[in-house]
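Fold and contact review
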Amino acid sequence: MKKVLTLLAGLAALAVVGGYLGALHPLGDSLAVFRLQGAGALALLSALALLAGAAGSGRLGMTLALVVGMPVVLSYWIHGPEVTGGLRIYQKNMLFKNGDLAGLAQDIAAAAPDAVTLQEVSEDNRALLDVLKPHLPHQLHCAFAAVGSVAIATSLPPITGRERCAEGLAAMQVEGPQGPMWLVSVHLYWPWPHGQADQVRQLVPVLEGLDGPVVMAGDFNMARWSATVSALAQAARVQPVGAVYDTYTGFAPWLILPIDHVLSPDGGQTELRGAFGSDHFGLLAEVGL
């Protein structure tokens, strides 16, 4: 039993460490999504190995689980600074077959955002954009995958001719409170073995080419501590806003993943909004510029 537990703890440790190697291979980012769960499994297996008499490997595994898991746990509790003169952003993956557009529209109206970033805007879901037009009249809709497009709706005046559509990205330059700035809505593919890494390689130069401040939000299908999110954040010159929230509910009630994010030049604060017919919770952020 001691050997079996030591082996299992070793495999868990390899998976946890592998989650830091996303810059070398996209498999690393796929593992990084489950960093908290991996650290928990490693801690449990290491504790059992320690009880079974594997003192050295048990202590080493417990230490590694603590070093890996604590920063992730803290990221759920540490909120960003309050901002003034920034923007109010509502982020939402709608789910292509959303059954509660009315509830979502009411929640967006209650939140009174300056801009909304949307993903999975299917043909049926496009009705929401029409509902939002009286208060968020300036809109950009960019075709993406079969599950639906990416879109932006805002009350901020757009700058003529300054719109971009790319693979899973909609970008719109507007007159912000401190001058011209870009609003960006992102929807990434699932990570390795799916096409997320190739998509990110296409999007990095697009983001690097956006002159001036950027506020980016979306369904990244990836945790904020990954190489993927770091690469996009660096390209757009932004940082994650507020605390981490578990947003994707599509796997199981006990496995909700933190894969939706808002990023801005100067951080800010976020709060979780309801699902409203989607398999993603929404995010409402007060972002600094």
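Quick note: structure is the one above.
What this report covers is the structure whose coordinates are included nearby.

What counts and what doesn't
- Residues numbered from 1 in each chain as written.
- Predicted model: local features only at pLDDT ≥ 70, side-chain atom pairs only at ≥ 80, totals over all residues.
- Heavy atoms only, no water.
- Axes fitted to C-alpha atoms, helices over the stretch in contact; angles between N-to-C directions.
- Helix = DSSP H or I, 4+ residues; strand = E, 2+ residues; numbered from the N terminus.
- Parallel < 35°, antiparallel > 145°, perpendicular 65-115°, else oblique.
- Left-handed = near helix turned anticlockwise from the far one by under 90°.
- Contact = heavy atoms within 4.5 Å.
- Nonpolar A, V, L, I, M, F, W, Y, C, P; charged D, E, K, R; others polar.
- Buried < 20%, exposed > 50% of the residue type's maximum accessible area, 1.4 Å probe, protein only.
- Expected span 1.5 Å × (residues − 1).
- Salt bridge = Lys/Arg side-chain N within 4 Å of Asp/Glu carboxyl O.

Some thoughts on the packing of helix α1 (residues 2-18) against helix α3 (residues 35-51)
Contact pair α1 / α3: the axes reach a minimum separation of 9 Å and the direction vectors enclose 155°. Viewed along their axes, α1 and α3 adopt a mutual orientation that is roughly antiparallel. When the axes of α1 and α3 are compared, the crossing they make is left-handed. Contacts between α1 and α3 involve Leu5, Thr6, Leu8, Ala9, Ala12, Ala13 and Val16 from the first element and Gly38, Ala39, Leu42, Leu45, Ser46, Leu48 and Ala49 from the second. Grouping the amino acids of the contact of α1 with α3 by side-chain chemistry returns 11 nonpolar, three polar and no charged.

A few points about unusual backbone geometry
Omega for the bond connecting tryptophan 192 with proline 193 falls within 30 degrees of zero, at 15°, which places this linkage in the cis form. Tracing the backbone through its elements, the reader meets proline 193 in the loop between β7 (179-187) and α7 (196-208). For asparagine 221, which is not a glycine, the phi torsion comes out positive at approximately 50°. For phenylalanine 276, which is not glycine, the phi dihedral falls at a positive 50°. Take phenylalanine 276: it is sitting in the loop between β13 (268-272) and β14 (283-287). Under the relative-accessibility criterion, phenylalanine 276 is labelled partly exposed at 24%.

Side note on α1
For α1, which comprises 17 residues, the first-to-last C-alpha distance of 24 Å matches the rise-based estimate of 24 Å (1.5 Å per residue) to within 8%. For α1, the full list of buried residues reads Leu5, Ala9, Ala12, Ala13, Val16 and Gly18. Check the buried side of α1 and you find it contacts α2 (26-32), α3 and α4 (55-75).

Focus: the pattern of salt bridges
A complete count under the given rule lists five salt bridges for this structure. In this structure, aspartate 107 and arginine 273 form a salt bridge, with 3.0 Å as the shortest nitrogen-oxygen distance. In this pair, aspartate 107 is assigned in helix α5 (residues 101-111) and arginine 273 in the loop between β13 and β14, connecting sequence segments 166 residues apart. Across this residue pair, the class does not change: aspartate 107 and arginine 273 are buried. Between aspartate 198 and arginine 201 there is a salt bridge, with the nearest N and O atoms lying 2.2 Å from each other. Of this pair, aspartate 198 and arginine 201 both sit in helix α7, three residues apart, roughly one helical turn.

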